[in-house]
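Fold and geometry: a report
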Amino acid sequence: MRVQVEGVTVRIGAAELLRDVELVVPAGAVVGLVGPNGSGKSTLLRTVYRSLRPQVGVVRLGDDDVWSLSARGSATRVAVVAQDPGVDVEFSVLDTVLMGRTPHKRPFAGDSSEDLDRAYSALARVDATHLADRSTPSLSGGERQRVLLARALTQATPVLVLDEPTNHLDVCHQLDLLALVRELGITVVVALHDLNLAQTYCDLVTVLSAGKVVAAGAPEHVLTPKLLREVFRLDCHRVLHPVTGRTLLALDRLQ
Amino acid sequence: MPGVGLSSPSFAPAGARTAGNGRRQRSAAALAALPVLIGLLATAIVVSIGVGAVAVAPGTTIGVIGHRLGFWGQGGWTTVEEVIVWDYRVPRVLLAALVGGLLALVGAVLQAVVRNPLADPWVLGVSSGAGLGAVALVLASGTAVAGVPLAGGAAAGSALATTALFVLARRQGRLTPVRLVLAGVALSYLFSAGTSYLVLTSDANKVFGILYFLLGSVAEADRTDLLLPAIALLLGALHVLGRARALDALMTGDETAVALGVSADRVRGEMLLTTSVLTGVAVAVSGGIGFVGLVVPHITRMVVGAGHRRLLPTAVAGGAVFLVLADTVARTVAAPLELPIGVVTALVGAPFFLWLMRRDGAARRGGVDSR
């Protein structure tokens, strides 16, 4: 399912967090959002999952304006792994993952065997089956991040929004997570801090700075030394991986 | 099992399922809680009916109730026993059970809605509002502390308190948990002060009756008093149970709730309205019984977990048992004097709750981040 952000402006109080932002995520593509802290990545993602209503502009999931959908309708199209994990409540990991079925359930309906199958297979995909009976607050940051991804997978949506999903993850699980996200074959919008991960795993990259889109396109065309210097204040050299031949960004502080 | 201290091996083979048949494991306690409580409730009701100035044997109690319900004929009991059981004690004990269920249900829902383990009907000012309304109308109408003015005043008071809560806590179309609690606590103090003022400036021979009402009692119950709380409990419980998944989502935070397709503000508003009506009904029929709505949901959560599909019915049954027992104590411990039931719930409930909390970390299970 295609996601399209058209001319979105978001103000909260006097602060303008996004100005006239355009973003097109083709169906099945993995699109990365990069930008310095406070550039508006999370705000933009929140407009996509119907948590924040823009003052100007439209966000479309498929052909429909997000705000023409019900909360439940939008949650059957977009699943989210947000940055703020929420308050710690003593739900078991399995129950936390099963919450992903919420938009699909009618009132009074119990968990069906299909729900359980989906939950267990999602846990298996994120390498967290062994955590099923643990209490969610007892998890480490990285374990929790994987469990929250499992919850999003259990939601079984055509679009996935990920806000800094690699936070708290060890390097191995960072790579695993992004490889898994690519394998899903669904539309993914992901905010990332690690520019090398963005370059390696994203089909397209959009760069935000101070609430505006400053560049968008294929990673190798967008993440240029010039842009990284201007937007991120980084000194960048592109080097070739000695074995795979992929381009890597060697980053340093500006001298 | 919460893995406190010991974490499970982090290199379990991928795809390995948990013990047993690999499916959801519930502790035996969680599964048994509701049936056990229902059995306990039936037992507590029969025992409680038998206790009093005239003791009635359990067999006689069951006999009279079955006879009056048309199951069997007159047995070997006296007319006096039949009147005591059917006309005096059955209404009273059933009212205690209904009110206990109502208050526990309201507490469990409010704790999720404002994501605060301290929430109960008192914290949001609704109970105090109902109390103030009842006292004001009783004093204005010059009647005894009972009947229509009392119930009408309680209903009007809870409605006014809820409206005030909505108006004060709303900001930019959103009802945030923190603002709800802050506004509710302030309103609660305000209403209590208003009630105190009215009581202290009223006719001295009414003060005792009013104080008694404010502390809660089911002593005056007759059969007609049961209908309203019974309907309220049935409809309220159904409505709330239909939102059980939404309440689960709400406990994990508004942002997560929205991502799961739950309109946090709408559910919160809807639940506040429902619980306000239920609170108004409870205060109208039994006065200001405290502590049940706070304690029972916590104890229930320790046994069956935080999921509302299991928590809500279990809390209702637990609240009913708790209040039937509290009422039994209230009318026996200082007999022939009767204590207000609210005094008993607090005197018994508070130490028990503190003990449990020390033992089991109830606050954490209730939804506060312990860090």
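Here the structure is a predicted model, which is why all the values come from computation and not from measurement. Here, residues in each chain are numbered from 1, in the same order as that chain's written sequence. To read the labels, note that chains go from A and ligands from 1, taken in the order they are written. Predicted model: local features are reported for residues with pLDDT of at least 70 only, side-chain atom pairs are reported and counted for 80 or more only, and whole-chain, interface and lining totals are derived from all residues. Side-chain numbers come from the whole structure's heavy atoms, not from hydrogens or water.

**Focus: the overall build of chain B**
Where helices and strands are cited, they refer to DSSP runs of H or I of at least four residues and of E of at least two residues respectively, numbered from the N terminus. When helices and strands are counted, chain B shows 15 helices and two strands. Accessible area is worked out with a 1.4 Å probe on protein chains only. A residue is then buried under 20% of its type maximum, exposed over 50%, and partly exposed in between. Burial analysis of chain B (371 residues in total) assigns 51% to the buried set. Counting only contacts in chain B whose residues sit at least 6 apart along the sequence, the fraction spanning at least 24 positions is 75%. Contacts between residues were defined by any pair of non-hydrogen atoms, one from each residue, lying within 4.5 Å.

**So, the overall build of chain A**
Scanning chain A from terminus to terminus reveals nine helices and 12 strands. Compactness check: chain A gives a C-alpha radius of gyration of 19 Å against a globular reference of 18 Å for 255 residues, within 12% of the reference. Along the first, second and third principal axes, the C-alpha atoms of chain A reach 60 × 45 × 30 Å. Within chain A, buried positions represent 55% of all 255 residues. Considering only residue pairs separated by 6 or more positions, chain A has 61% of its internal contacts joining residues 24 or more positions apart. What sets the accessible areas is the Shrake-Rupley method with a 1.4 Å probe; for residues, cover comes only from the shown protein chains. As displayed, chain A offers around 10400 Å² of accessible surface, 49% of which is attributable to carbon and sulfur atoms. The averaged location of the 29 negative side-chain charges in chain A is 5 Å from the averaged location of its 27 positive side-chain charges. C-alpha atoms define the radius of gyration, and 2.2 Å times the number of residues to the power 0.38 defines the globule rule. This count recognises Lys and Arg as positive and Asp and Glu as negative, with His and chain-terminal groups excluded. A charge is said to be at NZ when it belongs to Lys, at CZ for Arg, at CG for Asp and at CD for Glu.

**Describing the packing of aromatic side chains**
All names here are of chain B. Each Phe, Tyr or Trp ring, with Trp reduced to its six-membered ring, pairs with another whose centre is within 6.5 Å; inter-plane angles below 30 degrees give stacked pairs, above 60 give edge-to-face pairs, and intermediate values give tilted ones. Counted according to the given criterion, the structure contains two aromatic pairs over all chains. Residues Phe-71 and Trp-72 carry aromatic rings whose centres are separated by 6.3 Å and whose planes lie at 50° to one another, so their mutual orientation is tilted. Classification of Trp-72 by relative accessible area gives partly exposed; the value is 43%. Taken together, a centroid distance of 5.8 Å and an interplanar angle of 45° make the contact between Phe-208 and Tyr-212 tilted. One end of the pair, Phe-208, and the other, Tyr-212, are both in helix 7 (residues 204-215), four residues apart, so they sit about a helical turn from each other.

**Section: the layout of surface pockets**
A water-sized probe rolled over the atoms picks out the places where empty space is left. All names here are of chain B. Here the largest pocket defines a volume of roughly 1200 Å³. Detection works on a 1 Å grid of protein atoms alone, calling trapped sets that fit a 1.4 Å probe cavities and calling open sets with protein on both sides within 12 Å along at least five of seven lines pockets, with lining residues defined by an atom within 4 Å of a point. What lines the largest pocket is a set of 44 residues, among which Val-258, Val-262, Ser-263, Ala-264 and Asp-265 lie closest to the centre. At five residues, helix 11 (residues 264-286) tops the list of elements feeding residues into the lining of the largest pocket. Polar here means any residue outside two lists: the nonpolar Ala, Val, Leu, Ile, Met, Phe, Trp, Tyr, Cys and Pro, and the charged Asp, Glu, Lys and Arg; Gly therefore counts as polar. Grouping the amino acids of the lining of the largest pocket by side-chain chemistry returns 16 nonpolar, 11 polar and 17 charged. Grid points are joined across faces, edges and corners, and a volume is the space filled by probe spheres set on the points.

**So, the sheet that holds strand 4 (residues 56-61) of chain A**
Residue and element names in this part refer to chain A. The sheet built from four strands is open, its strands ordered 2-1-4-5 with antiparallel pairing. Edge positions in the open sheet fall to strand 2 (15-25) and strand 5 (64-65), since each of these has one partner strand only. With five bridges connecting them, strand 1 (residues 3-12) and strand 4 associate as antiparallel partners. Paired with Thr-9 across the two strands is Val-56, which belongs to strand 4. Here a strand pair is declared whenever DSSP counts at least two bridges between the two strands.

**Details of the environment of Gly-7 of chain A**
For Gly-7 of chain A, the location among the structural elements is in strand 1. Beyond its immediate chain neighbours, meaning those up to four positions away, Gly-7 of chain A contacts Asp-20, Val-21, Glu-22, Val-56 and Gly-57 of chain A.

**Brief notes about the pairing of strand 8 (residues 187-191) of chain A**
Residues and elements named next belong to chain A. Most of strand 8 sits inside the fold, with five of its five residues counted as buried. A two-sided burial pattern is seen for strand 8, the buried positions comprising Thr-187, Val-189 and Ala-191 on one face and Val-188 and Val-190 on the other. As paired elements, strand 3 (residues 30-34) and strand 8 share four bridges and run parallel to each other. Note that in strand 8 the partner of Leu-33 across the bridge is Ala-191.

**Description of a nonpolar patch on the surface**
All names here are of chain B. For patches, a residue must show more than 30% relative accessible area and have no salt bridge; joins then use 9 Å for like charges and 5 Å for nonpolar side chains, namely Val, Leu, Ile, Met, Phe, Trp and Tyr. Salt bridge, as used here, is a side-chain nitrogen of Lys or Arg placed within 4 Å of a carboxyl oxygen of Asp or Glu. A surface patch of nonpolar side chains, amounting to about 460 Å² of accessible area, comprises Ile-62, Leu-69, Phe-71 and Trp-72. Position of Ile-62 among the secondary structure elements: in helix 2 (residues 58-68). The class for Ile-62 is partly exposed, based on a relative accessible area of 43%.

**Digging into helix 4 (residues 113-125) of chain A**
Residues and elements named next belong to chain A. Expected helix span is computed as 1.5 Å times (number of residues minus one). The end-to-end C-alpha distance of helix 4, which contains 13 residues, comes to 18 Å, matching closely the 18 Å that a straight helix rising 1.5 Å per residue would cover. When helix 4 is considered as a whole, its buried residues turn out to be Asp-115, Leu-116, Ala-119, Tyr-120, Ala-122 and Leu-123. Buried residues of helix 4, seen end-on, are gathered within an arc of 160° and therefore sit on one face of the element. Of the surrounding elements, those touching the buried residues of helix 4 are helix 3 (93-98) and helix 5 (141-154). Positive backbone phi, at 60°, marks Asp-127, one or two positions downstream of helix 4. The arc refers to the directions leading from the helix axis to the C-beta atoms.

**Some remarks on the side chain of His-173 of chain A**
Residue and element names in this part refer to chain A. Mapping His-173 onto the fold places it in helix 6 (residues 171-184). Accessibility expressed as a relative area gives 16% for His-173, which makes it buried. For His-173, the contacting residues outside a window of four places in its chain are Asp-127 and Arg-146.

**Digging into the UniProt feature "transmembrane region" (unreviewed entry) in chain B**
All names here are of chain B. UniProt positions are given in the numbering used here, feature names are shortened, and annotations may be inferred rather than shown by experiment. The sites that carry the UniProt feature "transmembrane region" (unreviewed entry) are, in the present numbering, residues 31-57, 93-114, 121-140, 146-168, 180-200, 277-299, 311-333 and 339-357. The span residues 121-140 shows a helical share of 75% and a strand share of 0%, and its end C-alpha atoms are spaced 25 Å apart. For residues 311-333, the helix share is 96%, the strand share is 0%, and the end-to-end C-alpha distance is 32 Å.

**Side note on the packing of helix 4 (residues 126-141) of chain B against helix 7 of chain B**
All names here are of chain B. Whenever a helix is involved, its axis is fitted only over the stretch in contact; in every case the axis is a line through C-alpha atoms, and angles between N-to-C directions fall within 0 to 180 degrees. Interaxial distance between helix 4 and helix 7 falls to 11 Å at its minimum, and their mutual angle equals 155°. Taken together, helix 4 and helix 7 sit at an angle that is classed as roughly antiparallel. The handedness of the crossing between helix 4 and helix 7 comes out as right-handed. For the pair helix 4 and helix 7, the contacting residues are Gly-131, Ala-134, Val-135, Val-138 and Leu-139 in the first and Lys-206, Ile-210, Phe-213 and Leu-214 in the second. Class assignment for the residues of the contact of helix 4 with helix 7 results in seven nonpolar, one polar and one charged. Reported orientations rely on four angle classes, namely roughly parallel under 35 degrees, roughly antiparallel over 145, roughly perpendicular from 65 to 115, and oblique for the rest. Crossing handedness is defined as follows: a turn of the near helix away from the far one that is anticlockwise and smaller than a right angle gives a left-handed crossing, while the clockwise case is right-handed.

**Quick look at the sheet that holds strand 9 (residues 204-209) of chain A**
Residues and elements named next belong to chain A. One open sheet holds the six strands; their spatial order is 6-7-8-3-9-10, and the pairing between them is mixed. Of all the strands in the sheet, just strand 6 (78-81) and strand 10 (212-217) have a single pairing partner and so form its edges. Shown here is a sheet whose adjacent strand axes are inclined to one another by a mean of 15°, direction ignored. By the bridge criterion, four bridges tie strand 6 to strand 7 (residues 159-163) in an arrangement that is parallel. Following the sheet pairing, Ala-79 is matched in strand 7 by Leu-160. Against the sheet, helix 5 makes contact with strand 6 and strand 7, and its axis sits at roughly 175° relative to strand 6, the strand it touches most.

**Structural notes on the nonpolar core**
The criterion is simple. A nonpolar core is a set of buried Ala, Val, Leu, Ile, Met, Phe, Trp, Tyr and Cys residues joined through side-chain atoms within 4.5 Å. Core analysis: the biggest nonpolar cluster contains 85 residues, and Val-99, Leu-105, Val-113, Leu-247, Leu-272 and Val-324 of chain B have the highest contact counts within it. The residues contacting Val-113 of chain B, other than those within four sequence positions of it, are Pro-177, Leu-247, Leu-250, Arg-268, Met-271 and Leu-272 of chain B. Counting residues in each nonpolar core, the second largest holds 51 residues, with Val-93, Leu-94, Val-190 and Leu-249 of chain A among its members.

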